[in-house]
Structures are given as C-alpha cells and as structure tokens.
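Descriptive analysis of the structure
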Amino acid sequence: EAARSQPPEVTQAALPGFDTEAPALPSGEDVRAARETAKVNLRDFARMMGGPAFKTWSNYETGKPVRVGIIAPEVWKRVRDFIAQSKGKA
C-alpha cells in the first residue's frame, strides 16, 4: 500500500550540450600572476583578451565586485589559455 502511494522515481535526462559543467573561472590572483609573469600591463591584457575594459580586469584582480556574467565564455577561454601559457614560462 505504501509503495503505491509513492510517486515513481524519475531521472531527468540532460539535453545534448548541457550535460557538462562550465569550467571554473580563474581567480583574480591567477590572472594577475599570469599577467605579471608575461610582463603585460592591464590595458594590453584587456586588448589581448578581446574584452572587457582594463578597469573591469583591475577590479577582478583586486577582488572588487565584477559582473562576470557579462564576460563572454570565449573571453574566459582566452584568459584560461593565457594563464596556462604563462605558467609554462614561469
């Protein structure tokens, strides 16, 4: 009787392309360390990444509030690649 009153367990399938989690965002400390290792200033870094403005990256590096959602996933990929590349140089 109790088993009948329980709804059946349903597992929802993930849609194709939505089944993977987004990679974690690098920390501001990691961005700054990579930038300093590569000897790149904030303005040049912002240009290299293709956005956003250098002020946003300055705030991000120092832990000030930044709307990270406005930064495109492609930009975050370039940032991750930049960090990985500069770690190889260190």
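Everything that follows concerns the structure shown earlier in this document.
It should be emphasised that the depicted structure is a prediction, and the values quoted were computed from it without experimental measurement.

A word on the overall build of the protein chain. Helix and strand content of the protein chain: five helices and zero strands. Traced from its N-terminal end to its C-terminal end, the protein chain shows the element sequence α-α-α-α-α. Residues counted as buried form 26% of the 90 residues belonging to the protein chain. Taking all contacts inside the protein chain whose residues are at least 6 apart in sequence as the whole, residues at least 24 apart take part in 59%. Total accessible area on the protein chain is roughly 7,000 Å²; 54% of this is exposed by carbon and sulfur atoms.

This part takes up unusual backbone geometry. In this structure, the amide linkage connecting Gly51 to the following residue, Pro52, adopts the cis form with an omega of -25°. By the secondary structure assignment, Pro52 is in the loop between helix H3 (42–49) and helix H4 (54–62). Positive phi, close to 55°, is recorded for Lys39, a residue that is not glycine. Mapped onto the fold, Lys39 is located in the loop between helix H2 (28–37) and H3.

Of all hydrophobic cores here, the largest spans 15 residues; its most connected members are Phe45, Trp57 and Val79. Elements with a contribution of two residues or more to this core: H2, H3, H4 and helix H5 (73–89). Not counting the four nearest positions on each side in its chain, Trp57 is found in contact with Leu42, Phe45, Ala46, Gly51, Pro52, Ile71, Val75, Trp76 and Val79.

All right, on to the environment of Tyr60 then. Residue placement: Tyr60 occurs in helix H4. Judged by its relative accessible area of 14%, Tyr60 falls in the buried class. Between the C-alpha atoms of Tyr60 and Val31, which are 29 residues apart in sequence, the distance is 8.6 Å. Excluding residues within four positions of it along the chain, Tyr60 makes contact with Leu25, Pro26, Ser27, Gly28, Val31, Val66, Val68 and Trp76.

So, on to the environment of Arg35. On the secondary structure map, Arg35 appears in helix H2. Exposure remark for Arg35: the relative accessible area of 8% places this residue in the buried category. Separated by 44 residues in the primary sequence, Arg35 and Val79 place their C-alpha atoms 9.9 Å from one another. Beyond its immediate sequence surroundings of up to four residues, Arg35 is in contact with Val40, Asn41, Leu42, Phe45, Glu61 and Phe82.

So, how was this worked out
- Residues numbered from 1 in each chain as written.
- Predicted model: local features only at pLDDT ≥ 70, side-chain atom pairs only at ≥ 80, totals over all residues.
- Heavy atoms only, no water.
- Helix = DSSP H or I, 4+ residues; strand = E, 2+ residues; numbered from the N terminus.
- Buried < 20%, exposed > 50% of the residue type's maximum accessible area, 1.4 Å probe, protein only.
- Contact = heavy atoms within 4.5 Å.
- Areas by Shrake-Rupley, 256 points an atom, 1.4 Å probe, with all protein chains shown as cover.
- Core = buried A, V, L, I, M, F, W, Y, C linked by side-chain atoms within 4.5 Å.

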